[in-house]
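Residues per chain, in single letters:
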Amino acid sequence: MPSPQEILNELKKIKYPGYSRDIVSFGMIKDIEVASAGVTVILTAPAAKPEVIDEIAEEIRRTVAAMPGAPAVRMQIDQAPPPRVAQSLPRKPIPGVKHVIAVASGKGGVGKSTVAVNLTLAMRALGWSVGLMDADVYGPSVAMMVGADGRAGLTSERRILPLERFGVRYISMAMFIGDDTPIIWRGPMITKLESEFLFNVEWGELDCLIIDLPPGTGDAQLTITQRAALDGGVIVTTPQEIALLDVKRGVAMFNEVEVPVLGVIENMSYHLCGKCGHRHEIFAHGGGQRFAKELGVPFLGELPITRELREGGDHAQPIVAAHPEHPVSGAFRSVAANVIAHLTRVERPAG
Ligand SMILES: Nc1ncnc2c1ncn2[C@@H]1O[C@H](COP(=O)(O)OP(=O)(O)O)[C@@H](O)[C@H]1O
Ligand SMILES: [Mg+2]
């Protein structure tokens, strides 16, 4: 077995792709562990592109495997955490927009977009002028849910004009990405697109802009929450225990960028039968409330799972606008009233 120093000397012969300098002097080798089972090379590459890292890793593998004893090689790639942009990126207010909130979830399919759409409409029903931005480039669905699937217009200053449906202004990435566009944009591309997008929309005067974040709590979500001067974040969850763990991640994400958590909404909390109007408890519901309490964040309310809510989304007739008398619409208005109460509390200067 070669020693770590011997391996390091060999690795000094590998040039960083496109440079005359070697990967060791670039500081890419974090550690080399030699054990009877083989060699582990720990590579650190904070700024390199994935293809470049792959290329270097392959070269290391070949080099070490060719050394005396032909050791088995294991690569460990230590991706440095992305730089904290919170301190470096200035938060920008969006002209004409009083409050901005982001709706987040730990994972997809919890009904985040359904909740964002109907919450927006419920705030509208309570007299607020509102806009909704679909920032989920991987699965934009807001446009479909409200039937705002036309192309957005441009002002003479080349600012994007939102579409209007049910008295609410919408903008969605779907309006800019054709159905045939492969969604291969990753990390920096997306965040760049979204942060520009956010400030290039001609919203007019809005009491509140709601942003439907992509599911999850990764880089793209962080950038938006960092870039916009957010008043707060709302986390949508479902009653299952596993989903509740995602709430923790959502809270951690907002904490990281110092955005207050306005609260947690539990979706699909219980089943509301469309025929008999009966309430069926499917999961042991109340988990969202319990969890919010544990994490010290407000609980904004629970929403039933009900067929009409899904159908409303499928047919571009969101229930809060199309059937304001439905009990689900009432549930949304009560959540909206809670959101508004927390928002206006946030706004009030301390002391
Ligand atoms: N409370 C609910 N009752 C019935 N169907 C729901 C409810 N919430 C969401 N859905 C349905 O679940 C699916 C996923 O919802 P969606 O809002 O797209 O989730 P996400 O944005 O979190 O991925 C959609 O078909 C939607 O109509
Ligand atoms: Mg969605």
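Being a predicted model, the structure only gives us computed values, none of them experimental.

Colleague: Mind showing me how you'd approach the overall build of the protein here?
Modeller: Secondary structure assignment for the protein yields eleven helices and 15 strands. Counting the 351 residues in the protein, one finds 49% classified as buried. Restricting to contacts in the protein with at least 6 residues of sequence separation, those with at least 24 account for 73%. A total accessible area of about 16900 Å² is found for the protein, and carbon and sulfur atoms account for 54% of it.

Colleague: Just checking my understanding: could you explain the side chain of histidine 326 for this structure?
Modeller: By the secondary structure assignment, histidine 326 is in the loop between α10 (319–322) and α11 (327–347). For histidine 326, a relative accessible area of 14% gives the class buried. A polar contact of 3.0 Å, which involves the side chain of histidine 326, links it to the backbone nitrogen of valine 328. Discounting chain neighbours no more than four positions away, the residues touching histidine 326 are Leu272, Thr306, Glu308 and Ile319.

Colleague: Please clarify how the site of ligand 1 should be interpreted in this entry.
Modeller: Near ligand 1 lie 15 residues; those nearest to it are Gly109, Lys112, Ser113, Thr114 and Pro304. Asparagine 267 is positioned such that a nitrogen or oxygen atom in its side chain is 2.9 Å from a nitrogen atom of ligand 1. For ligand 1, the accessible surface in isolation is 560 Å², of which the surrounding protein chains cover 79%. Sorting the residues of the shell around ligand 1 by element identifies α3 (112–125) and α9 (307–314) as the ones contributing at least two each. If one sorts the elements of the shell around ligand 1 by residue count, α3 sits on top with three residues.

Colleague: Teacher, can you tell me more about the packing of helix α1 (residues 4–11) against helix α2 (residues 50–65) here?
Modeller: Each packed pair of helices is defined by two parameters, the angle between the axes and the distance between the axes. Where α1 meets α2, the axes come as close as 10 Å, and the angle between the chain directions of the two elements is 125 degrees. The angle between α1 and α2 places the two elements in the oblique class. The way α1 lies across α2 gives a crossing that is right-handed. Contacts from Ile7, Glu10 and Leu11 of α1 reach α2 at Ile60, Thr63 and Val64. Residues of the contact of α1 with α2, tallied by class, amount to four nonpolar, one polar and one charged.

Colleague: How should the sheet that holds strand β1 (residues 29–35) be read in this particular structure?
Modeller: Hydrogen bonding along the main chain pairs the strands of a sheet, whether they run parallel or antiparallel. Pairing in this open sheet of three strands is mixed, and the strands run β1-β2-β3 from one edge to the other. Two strands in the sheet have a free side with no partner beyond their single neighbour: β1 and β3 (73–78). Along the sheet, successive strands turn relative to each other by an average axial angle of 15 degrees, direction set aside. Relative to strand β2 (residues 38–44), β1 runs antiparallel, the two being bridged by six bridges. In the strand pairing of β2, glutamate 33 is matched with threonine 40. Across the sheet, α1 touches β1 and β2, and the angle it forms with β1 is around 135 degrees. Here α2 sits on the sheet and contacts β1, β2 and β3; the angle it forms with β3, its principal contact strand, is near 150 degrees.

Colleague: Honestly, α2 in this entry has me stumped. Any pointers?
Modeller: An α-helix turns once per 3.6 residues; consequently, residues spaced three or four apart project the same way. For α2, which comprises 16 residues, the first-to-last C-alpha distance of 22 Å matches the rise-based estimate of 22 Å (1.5 Å per residue) to within 8%. Every buried residue of α2 is accounted for by Val52, Ile53, Ile56, Ala57, Ile60, Thr63 and Val64. All buried residues of α2 project into a common sector of 130 degrees when viewed along the axis, lining one side. Relative to its buried face, α2 has exposed residues pointing more than 90 degrees away, namely Pro50, Glu51, Asp54 and Arg62. For α2, the elements touching its buried residues are α1, β1, β2 and β3.

Colleague: In this structure, what is going on with the nonpolar core? I would like to understand it.
Modeller: Side chains of a nonpolar character, in soluble globular proteins, are inclined to be buried together. With 41 residues, the main nonpolar core has Met123 and Val339 as its most contacted residues. For this core, the element with the highest residue contribution is α11, accounting for eight residues. One finds Ala102, Ile224, Val264 and Phe291 within the second-largest nonpolar core, a separate group that totals 38 residues.

Colleague: Explain the state of the cysteines here, please?
Modeller: A covalent bond between the sulfur atoms of two cysteines is referred to as a disulfide. Summed over the entire model, instances satisfying the criterion amount to zero disulfides. Looking at cysteine 273, it has no disulfide partner, and the nearest cysteine sulfur is the one in cysteine 276, 3.4 Å off. For cysteine 273, a relative accessible area of 17% translates into the label buried.

Colleague: Just to check I follow, could you spell out the pairing of strand β10 (residues 206–212) for this structure?
Modeller: Where a strand is regular, its side chains alternate between the two sheet faces. Burial within β10 is extensive, with seven of its seven residues counted as buried. Taken together, the six bridges between strand β4 (residues 97–104) and β10 define a ladder with parallel strand orientation. Residue pairing across strands places alanine 102 opposite isoleucine 211, the latter belonging to β10. Taken together, the five bridges between strand β5 (residues 130–134) and β10 define a ladder with parallel strand orientation. Looking across to β10, one finds that aspartate 134 is bridged to aspartate 212.

Rules used throughout
- Throughout, a residue's number is its position along its own chain's written sequence, starting from 1.
- Written order determines the labels here, with chains lettered from A and ligands numbered from 1.
- It should be noted that, the model being predicted, local features are given only for residues of pLDDT at least 70 and side-chain atom pairs only at 80 or more, the latter also being counted only at that level, while totals for whole chains, interfaces and linings use all residues.
- Processing note: side-chain calculations cover all non-hydrogen atoms of the structure and skip hydrogens and water entirely.
- Under the scheme used here, helices are H or I runs from DSSP no shorter than 4 residues and strands are E runs no shorter than 2 residues, and both carry numbers assigned from the N terminus.
- Residue exposure (1.4 Å probe, protein chains only): buried if accessible area is under 20% of the type maximum, exposed if over 50%, otherwise partly exposed.
- Contacts are assigned to residue pairs with any non-hydrogen atoms lying within 4.5 Å of each other.
- With residues, only the protein chains shown are counted as cover, and all accessible areas are computed by Shrake-Rupley using a 1.4 Å probe.
- Distance and chemistry together define a polar contact, namely a pair of N or O atoms within 3.5 Å, with one atom able to donate a hydrogen and the other to accept it when in protein, and with adjacent residues in sequence counting only for side-chain atoms on both sides.
- Neighbouring residues are identified by heavy atoms, a residue being near a molecule or strand if any of them is within 4 Å of it.
- The axes used here are C-alpha line fits, helices contributing only the stretch in contact, and every angle between their N-to-C directions lies in the interval 0 to 180 degrees.
- Roughly parallel refers to an angle under 35 degrees, roughly antiparallel to one over 145, roughly perpendicular to one between 65 and 115, and oblique to any angle outside these ranges.
- What makes a crossing left-handed is the near helix being turned counterclockwise from the far one by less than a right angle; a clockwise turn instead makes it right-handed.
- When residues are grouped by polarity, Ala, Val, Leu, Ile, Met, Phe, Trp, Tyr, Cys and Pro land in nonpolar, Asp, Glu, Lys and Arg in charged, and all others, Gly among them, in polar.
- A pair of strands is labelled paired if DSSP reports no fewer than 2 bridges between them.
- What a helix is expected to span follows from its residue count: subtract one and scale by 1.5 Å.
- Our arc is simply the arc of the directions from the helix axis toward the C-beta atoms.
- Residues enter a nonpolar core if they are buried and are Ala, Val, Leu, Ile, Met, Phe, Trp, Tyr or Cys, with the set joined through side-chain atoms within 4.5 Å.
- In plain terms, two cysteine sulfur atoms within 2.5 Å form what is called a disulfide here.

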